[in-house]
Protein chains: 2
Amino acid sequence: MSVDSLVSCLEQLITDDLKLVEHQEVSNGATWASALQSTKDVPSHALTKTIVLKPKTAKSQTVVPIILAALETTSTPSGIAAKAVGSKEARMAAADLVEEVFGIPPTDVGIFSVNKENASKVHVVLDAALIQHNGLLAFHPSSSAKTVFVSPAAVQTYLKSVGVNPIIVDFSAPGSATAPSKPAAQKKKAEPSKNDAAIENAALIGITVRKDADFPNWYQQVLTKSDMIEYYDISGCYILKPWSYSIWEAIQGWFDKEIKKLGVRNGYFPLFVSSKVLEKEKDHVEGFAPEVAWVTRAGTSELDEPIAIRPTSETVMYPYYAKWIRSHRDLPLKLNQWNSVVRWEFKNPQPFLRTREFLWQEGHTAHMTLEGATEEVHQILDLYARIYTDLLAVPVIKGVKSENEKFAGGMFTTTVEGYIPTTGRGIQGATSHCLGQNFSKMFNIVVEDPNAEIGPTGERPKLFVWQNSWGLSTRTIGVAVMVHGDDKGLKLPPAIALVQSVVVPCGITNKTTDQERNEIEGFCSKLADRLNAADIRTEADLRAYTPGYKFSHWEMKGVPLRLEYGPNDAKKNQVTAVRRDTFEKIPVPLNNLEKGVSDLLAKIQTNMYETAKAERDAHVVKVKEWADFVPALNKKNIVMIPWCNTTECEKEIKKNSARQVNGDEPEDEKAPSMGAKSLCIPLEQPSGEDAIIEGTTKCAGCGNLAKVWGLFGRSY
Amino acid sequence: MSVDSLVSCLEQLITDDLKLVEHQEVSNGATWASALQSTKDVPSHALTKTIVLKPKTAKSQTVVPIILAALETTSTPSGIAAKAVGSKEARMAAADLVEEVFGIPPTDVGIFSVNKENASKVHVVLDAALIQHNGLLAFHPSSSAKTVFVSPAAVQTYLKSVGVNPIIVDFSAPGSATAPSKPAAQKKKAEPSKNDAAIENAALIGITVRKDADFPNWYQQVLTKSDMIEYYDISGCYILKPWSYSIWEAIQGWFDKEIKKLGVRNGYFPLFVSSKVLEKEKDHVEGFAPEVAWVTRAGTSELDEPIAIRPTSETVMYPYYAKWIRSHRDLPLKLNQWNSVVRWEFKNPQPFLRTREFLWQEGHTAHMTLEGATEEVHQILDLYARIYTDLLAVPVIKGVKSENEKFAGGMFTTTVEGYIPTTGRGIQGATSHCLGQNFSKMFNIVVEDPNAEIGPTGERPKLFVWQNSWGLSTRTIGVAVMVHGDDKGLKLPPAIALVQSVVVPCGITNKTTDQERNEIEGFCSKLADRLNAADIRTEADLRAYTPGYKFSHWEMKGVPLRLEYGPNDAKKNQVTAVRRDTFEKIPVPLNNLEKGVSDLLAKIQTNMYETAKAERDAHVVKVKEWADFVPALNKKNIVMIPWCNTTECEKEIKKNSARQVNGDEPEDEKAPSMGAKSLCIPLEQPSGEDAIIEGTTKCAGCGNLAKVWGLFGRSY
Ligand SMILES: [Zn+2]
Ligand SMILES: [Zn+2]
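Since this is a predicted model, take the numbers as computed values, not measurements.

This part is about the overall build of chain A. Assigned secondary structure in chain A consists of 21 helices and 31 strands. Seen along its three principal axes, the alpha-carbon backbone of chain A occupies a region of about 110 × 65 × 60 Å. For chain A, contacts bridging at least 24 residues in sequence account for 67% of all contacts bridging at least 6. Carbon together with sulfur atoms contributes 49% to the accessible area of chain A, which is approximately 30300 Å² in total. Computed over 81 positive and 86 negative side-chain charges, the separation of the two mean positions in chain A equals 3 Å.

Right, dumping it as structure tokens:
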């Protein structure tokens, strides 16, 4: 069959708009992609691959080759294709075999090379992901110098017309055609190398690299494919789409209510700071100066003085605190704002983790006593910890920063520290600072001390107020993604998921009547309505895609619970719930729908936290000798050591735990070369036999006497 | 008594820290203020005035002069002081009389010039506002070259020590010592001139100018003294303190819920736009270009290309809409963001009304049909109207903007228009635009039209999406302040007030025992707790100030309801509620507290809206002849006319209704010189005998045939 007659045949068979383009001859996926890029009028599409395999066959039997069509991105081990046709193994067919069967060289073969003449001589295997693909597919119509764009449905229609009943193989679920299972890749223990980062057995519409093999690429794919983030044309700036912004809204809603209970009120301070005010406060601003963005022009007018965009609001706010706080009766003053700040980082940006503009809240409070300030620092730290544990299902360690790591100009900094298993690195979650009186002295925020006696000059002694500042940013979202996500994509804790459960109509086949289909879909809508009415955020996915496509889609987006409903469920008055965290299938009786779903969501929330915590706990190791320190780090641990709590020792530890690498080499996410920083001195110190014995226990860093257990690790 | 001995006497009497400074001799308040400004170590204080009056006395009687001490800012008509001592009138005492009584010239006299020797020869009258003042007072200690700073309590202690029982006069409430009443000034009908703008009879801790006399000054005072706004050191930027930001939070909470019901989701787009993207979109951006702020530097590095701060987000968002909208199944796309935008205005800034950075929401949606888009434009407009009417108690007129006034590049603009009675000007409240297909064509936001037939080239015709954008800003707050505020300050509708009711302990006198006082205050706390538990936002004001001071304080801050509780109320098992809108006193039985207060708040909300609406309605006048147009405007009306709806006529009306003034003269808020703009074509058109008769009714502007009733007015 010639290309022209094939195309006209296809046009007759399929109702889609058929599109054919010509280009130079290509020999593989890469040259094909590049040829299409330089061709006009190419619609949006996914590349495919069509492979001819020769299954292992007894010598006495005729060889029946396999023609396998798959998405270019699908990893298609030949063994799985072989198994699908009842053989044990298969290998790539030689060119002469291909010529013999199809009459063309292997590079020209496409799925449309199967025709009425050769149909009976081959097994046709289709990749399930290809069938489920949402959009046009690119195939060679028996010529590698041409490409035809057709829908997955058109492929099936065509094959039917030539008398082929293709075997559909879900390469993401080996050994099980129905129930998804954890990708085999996750069960491997050996350290994967970047070369085999491509996912072999994953859900194929989505993430194409394994989390544990190419973490930066995985992170980027998860964020973009799940619709959390869109990359923006200014480096370091990202669009937060509703799928991620809703998490921020959930955090805001919870935290805002909690701080209002503490008497905090919200306000809004300007985005701009005059250079005079910003620079007034030298010590503190020194750290920010290299990252400050400056406005120098408005319209066509040069400004008389450049104006800074706030990198944080201390200097914006505190001159006014000095004005507003006139008496001890004005204390405590507790203000917070939800805003964005700009820090023009020149380092490699990362969505949520290191961005030039980010959303956060910044609380700034003033107190009459250090005790009052300290109490609040810990109240806020507890709230931050609860955001991680209760909302994001991420375990954190509360602690105090070392002198070296504390907020510049502050008195002490408390922190919640997270842990990213894939890289074995610690990550600062949020910080609550006691600023002491340093800022109040700088900005002259002063009251008369009502408890002091009047001095000899007849004046009541002045009291510089005690200040705190505390902030939590959208970094929270990045941490949750990195901790929970897997090779199928995002995994969202129910507490912060925009969609907590998705209802998918199932079991609709060619035999289903329109009426039955409408009934099932209508019922799915009603299930979603019932759940929404019970405050369980639910969507019914009634789009014209296959259930398999929808499963992968919502798994990639991390929806905690899938509710399948089809004729079998109808008979049993149930929905079939499938958990995103365990893939467990649980029937939920319809008369217990709301409670059943709600209980499952609660279980998922708990399980996600406990799973993350077990993994984290397994990677916090106590080390008492320096010899064990770097080996522990290299096993992706964060490390607790008896520590002398000196800056000198801290710097030595960092230096001595850094790998020797060429300074120009980019950081390897999997094997970071950086030295270990002090993450925090945990509030909860080991006790019992592990307790520090003053005067006896030695610092694992320097051998001097230890004062505390310190938590160290490579970190973000 | 010499100054020195007076000071030492004062020091013995009073426990306050006493402060005395010397300066040049002064002759009045202005020279005094300036002398103190150039003197070192002057504490924060309020100036006072001490006046000696000679009451009208029968010839047979001895003249007993009045020595009156008041805040400098208190207007103290001599008639009121006279009345307080039982005389009909009084005039300024001649210098010889003052010398005779006090032994010093009038400019040296201060309240401390009253001593044991002369106490029996004079009436001492004190301004209630002086007694209630929160802070130090400045007096001359019998010498105009010296100033002593003392607390109000010290004044009373001193007077007591010299045997004087002063007469306290509340100059803000003539004829009534207890129940506050509307200031007499408001009852005047004559147009006040700016010269008598100073409030004669207002609550004195607060606003010192009359709303109807010096509106810009009044507006500034209300915003700053009520704690809504703090002026910032960058012109056109303001700090939103919790007292105003909480109103924005209330609006956000309500509107966000409503738009989510419509399927809108929130996201966040970057603050920055590259110059390339911003300038891509020439027509639309032309209007914003003169106001765009440009970042050209980060740290010490000059950026390769300047980066703009968004003045609005069309150009930020729509390139991505083109990417995200691939199919008609992606429609409608409904995104919103709560953010701040920057428009570097060079005109005179006004808090909330014209600021260089402001908070708003911007919704941007895409639809498959014009009908779908239009339906949403009106859904949003209705929500905007409800924010004004239901939350802010401000009446608005819904309408469509004229061609000349619509959003540049859009298809049509709908608006809610408010009215500011004091200036008689219209004000645009919020706008909901249908952008038509102009932007989708510019940014190539396109889908295949699922309803069109496949064309001859085999392609399905493209459909450019129909877009809307809609925005509402913190201008809302400014409008509510301007509409409702009065000479006592802010007046907040209960729906958006941070504090809806304030509990003030009353009736505590010198005879009250500590135990009784504690009981009353404790009970007030409990009342507040009860109300807060019933979701009525309540504070108990237990500060050590007089009830009168607290009344004025909370009236100035606009709290809708004051709840007084004292021994009399305790006996009757009630609180006494006082409405901010009517000053009506209503006893509320304690066993009906929550419902009683809630009902009163609902009544206040309704009454505020109805009062504002009645005033607005009285100032929307129908005019059918041009001759009546400008006179109607000059009576602070906005004007409905039968209109031809042409841009030419609109421009003529503006030109012909402008007053002839010198171009350099600043705008007079009371008598604006500007011409009348078209505010909108109201959706609700006059009917019945006022209906436009096509082909007959003439345009009041140009005499051609009228098509619609158009609303015109001077405006913000
Ligand atoms: Zn050490
Ligand atoms: Zn006209």
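This next bit is on the interface of chain A and chain B. Listed by partner, the interface residues are 67 residues for chain A and 66 residues for chain B. Both faces combined, the contact of chain A with chain B buries some 5600 Å², and carbon together with sulfur accounts for 58% of it. Remark: the boundary between chain A and chain B carries 6 salt bridges. Between K260 of chain B and E249 of chain A there is a salt bridge whose closest N-O contact spans 2.9 Å. Connecting chain A to chain B are 29 residue pairs in polar contact (both at pLDDT 80 or more).

This next bit is on the packing of aromatic side chains. Counting across every chain of the model gives 46 aromatic pairs over all chains. Measuring from centroid to centroid gives 6.2 Å for F255 of chain A and W470 of chain A, while their planes differ by 80 degrees, and the two rings are edge-to-face. One end of the pair, F255 of chain A, is in helix α9 (residues 242–261); the other, W470 of chain A, is in strand β22 (residues 466–473), with 215 residues separating them in the sequence. Here F255 of chain A falls in the buried class, since its relative accessible area comes to 0%. Judged by centre distance (5.6 Å) and plane angle (10 degrees), the ring pair of F215 of chain B and W218 of chain B falls under stacked. Of the two residues, F215 of chain B and W218 of chain B both sit in helix α8 (residues 215–225), 3 residues apart, roughly one turn of that helix. Both residues of the pair, F215 of chain B and W218 of chain B, belong to the buried class. Ring-pair connections join several aromatic residues into one group, and the members of that group are Y232 of chain A together with F269, Y318, Y320, Y321, W324, F439 and F443 of chain B. In this arrangement the basic side chain of R425 of chain A is found over the ring face of Y716 of chain A, its NZ or CZ atom lying 4.0 Å from the centre.

Residue and element names in this part refer to chain B. Protein coordination at the zinc ion (ligand 2): the donors are C644 (SG), C649 (SG), C699 (SG) and C702 (SG), at 2.2 to 2.3 Å from the metal. Around the zinc ion (ligand 2), the 4 donor atoms are arranged such that angles at the metal cover 104 to 118 degrees; this shape is classified as tetrahedral. Of note, the zinc ion (ligand 2) draws all its donor residues from one chain, in the sequence arrangement C-x4-C-x49-C-x2-C. The buried category is assigned to C699, whose relative accessible area is 4%.

Residue and element names in this part refer to chain A. Distances from the zinc ion (ligand 1) to its protein donors, C644 (SG), C649 (SG), C699 (SG) and C702 (SG), fall at 2.2 to 2.3 Å. For the zinc ion (ligand 1), the 4 donor atoms in the first shell make angles of 104 to 117 degrees at the metal, so the coordination geometry reads as tetrahedral. Read N to C, the donor residues that coordinate the zinc ion (ligand 1) are spaced as C-x4-C-x49-C-x2-C. With a gap of 53 residues between them, C649 in helix α21 (residues 647–657) and C702 in the loop between β30 (677–682) and β31 (708–713) connect regions that are remote in the sequence.

This part covers helix α19 (residues 593–618) of chain A. Under the 1.5 Å per step criterion, the end-to-end length of α19 of chain A is 37 Å for 26 residues, consistent within 8% with the ideal 38 Å. For α19 of chain A, the full list of buried residues reads L593, G596, V597, L600, L601, I604, Q605, M608, A612 and R616 of chain A.

Glancing now at the side chain of R310 of chain B. Assignment of secondary structure puts R310 of chain B in the loop between β14 (301–309) and α12 (314–324). At 4.5 Å, E357 of chain A is the nearest oppositely charged side chain to R310 of chain B, a buried residue that forms no salt bridge. In terms of polar contacts, R310 of chain B uses its side chain to reach the backbone carbonyl oxygen of F269 of chain B, at 2.7 Å. A polar side-chain atom of R310 of chain B sits 3.0 Å from the main-chain carbonyl oxygen of S340 of chain B. Setting aside residues up to four positions removed in sequence, R310 of chain B forms contacts with Y268, F269, P270, L271, V273, V316, Q337, N339, S340, V341 and V342 of chain B.

F272, I309 and Y321 of chain A together with F272, I309 and Y321 of chain B are the most contacted members of the largest nonpolar core, which has 84 residues in total. Non-local contacts of Y321 of chain A, meaning those with residues more than four positions away in its chain, are made with F269, L333, L335, H364, I445 and Q467 of chain A.

Residues and elements named next belong to chain B. Strand order across the open sheet formed by 5 strands is β24-β23-β25-β26-β27, with mixed pairing between neighbours. With one partner strand each, in any of the chains shown, β24 (538–540) and β27 (585–589) form the two edges of the open sheet. Along the sheet, successive strands turn relative to each other by an average axial angle of 25 degrees, direction set aside. Where strand β25 (residues 561–565) and strand β26 (residues 574–579) come together, 4 bridges link them in antiparallel fashion. From the neighbouring strand, L561 faces β26, where its bridge partner is R579. Relative to strand β23 (residues 501–505), helix α17 (residues 547–556) is tilted by about 170 degrees, and along the sheet it contacts β23, β24 and β25.

Superposing chain A onto chain B takes a rotation of 180 degrees plus a shift of 0.1 Å along the axis, which leaves an RMSD of 0.2 Å. Taken together, the rotation and translation describe the operation of a two-fold axis. Of every C-alpha in chain A, the one belonging to V295 of chain A sits nearest the axis of rotation, 2.1 Å from it. When the interface residues of chain A are mapped onto chain B, 97% of them again lie at the interface, so the same face is used by both copies.

Domain boundaries assigned for chain A yield domain 1 (3–169), domain 2 (229–272 + 310–484), domain 3 (501–612) and domain 4 (620–713). For domain 3 of chain A and domain 4 of chain A, the distance between their C-alpha centroids amounts to 47 Å.

Once that is clear, we can look at the packing of helix α9 (residues 242–261) of chain B against helix α13 (residues 370–391) of chain B. Residues and elements named next belong to chain B. Orientation of α9 relative to α13, taken along the N-to-C sense of each, is 150 degrees, at an axis distance of 11 Å. The way α9 lies across α13 gives a crossing that is right-handed. Two secondary-structure elements touch here, α9 through A250, I251, W254, F255, E258 and I259 and α13 through I380, L383, Y384, R386, I387 and L391. Looking at side-chain class alone, the contact of α9 with α13 contains 10 nonpolar, no polar and 2 charged residues.

With that out of the way, let us pick up helix α17 (residues 547–556) of chain A. All names here are of chain A. With 8 of 10 residues buried, α17 is to be regarded as a mostly interior element. Turning to α17, its buried residues number three or more, namely Y549, K550, F551, S552, H553, W554, E555 and M556. The secondary structure elements touched by the buried residues of α17 are α5 (128–132), α8 (215–225), α9, β23 (501–505), β24 (538–540) and β25 (561–565). Of the residues flanking the end of α17, it is G558, one or two places downstream, whose phi is positive at about 80 degrees.

Trans peptide bonds make up the majority, and among non-glycine residues the majority have a negative phi. Cis geometry marks the peptide bond from L331 of chain A to P332 of chain A; its omega dihedral reads -10 degrees. Its location among the elements puts P332 of chain A in the loop between α12 (314–324) and β15 (333–342). Its identity as a non-glycine residue notwithstanding, S142 of chain B has a phi of 60 degrees, on the positive side. Topologically, S142 of chain B is positioned in the loop between β6 (136–139) and β7 (146–150). Residue F352 of chain B is not a glycine yet carries a positive backbone phi of 70 degrees. Among the structural elements, F352 of chain B can be located in the loop between β15 (333–342) and β16 (357–367).

Take the sheet that holds strand β19 (residues 425–436) of chain A next. Residues and elements named next belong to chain A. If you trace the 11 strands from one edge of the open sheet to the other, you get β11-β15-β16-β22-β19-β18-β17-β30-β31-β29-β28, paired in mixed fashion. Either end of the sheet is taken by a strand with one partner, and the two such strands are β11 (265–266) and β28 (620–622). Sitting on the sheet, helix α13 (residues 370–391) is in contact with β15, β16 (357–367), β17 (397–400), β18 (412–420), β19 and β22, with an inclination near 10 degrees to β22.

The next thing to look at is the pattern of salt bridges. All names here are of chain B. This structure, assessed with the given rule, holds 64 salt bridges over all chains. Among the ionic pairs, K595 bridges to D599, the shortest N-O distance being 2.7 Å. In this pair, K595 and D599 both sit in helix α19 (residues 593–618), 4 residues apart, roughly one turn of the helix. In this structure K595 comes out as exposed when scored by relative accessible area, which is 51%. By relative accessible area, which is 34% here, D599 ends up partly exposed.

Once that is clear, we can look at the pairing of strand β7 (residues 146–150) of chain A. All names here are of chain A. With respect to burial, β7 is a largely interior element, 5 of its 5 residues being buried. Residues K146, V148 and V150 of β7 are buried on one face, and the alternating residues T147 and F149, pointing to the opposite face, are buried as well. Both strand β1 (residues 19–22) and β7 contribute to a ladder of 4 bridges, which runs antiparallel. Across the sheet, K19 pairs through a bridge with F149, a residue of β7. Turn length for the strand β6 (residues 136–139)-β7 hairpin, with the two strands adjacent in sequence and antiparallel, is 6 residues, and the turn residue S142 shows positive phi of about 60 degrees.

Analysis parameters
Residues numbered from 1 in each chain as written. Chains lettered and ligands numbered in written order. Predicted model: local features only at pLDDT ≥ 70, side-chain atom pairs only at ≥ 80, totals over all residues. Heavy atoms only, no water. Helix = DSSP H or I, 4+ residues; strand = E, 2+ residues; numbered from the N terminus. Contact = heavy atoms within 4.5 Å. Areas by Shrake-Rupley, 256 points an atom, 1.4 Å probe, with all protein chains shown as cover. Lys, Arg positive; Asp, Glu negative; His and termini not counted. Charge placed at Lys NZ, Arg CZ, Asp CG, Glu CD. Buried area = accessible area lost by both parts, 1.4 Å probe. Salt bridge = Lys/Arg side-chain N within 4 Å of Asp/Glu carboxyl O. Polar contact = N/O pair within 3.5 Å; in protein donor to acceptor, adjacent residues only side chain to side chain. Phe/Tyr/Trp six-rings, centres within 6.5 Å; stacked < 30°, edge-to-face > 60°. Buried < 20%, exposed > 50% of the residue type's maximum accessible area, 1.4 Å probe, protein only. Lys NZ or Arg CZ within 6 Å of the ring centre and 35° of its normal. Donors = N, O, S within 2.8 Å, 3.2 Å for Na, K, Ca; no water. Tetrahedral: all angles 85-135°; square planar, octahedral: opposite > 155°, others 65-115°. Expected span 1.5 Å × (residues − 1). Core = buried A, V, L, I, M, F, W, Y, C linked by side-chain atoms within 4.5 Å. Pairing = 2+ DSSP bridges. Axes fitted to C-alpha atoms, helices over the stretch in contact; angles between N-to-C directions. Least-squares fit on C-alpha atoms with pLDDT ≥ 70 in both. Domains from an automatic or database assignment. Left-handed = near helix turned anticlockwise from the far one by under 90°. Nonpolar A, V, L, I, M, F, W, Y, C, P; charged D, E, K, R; others polar.

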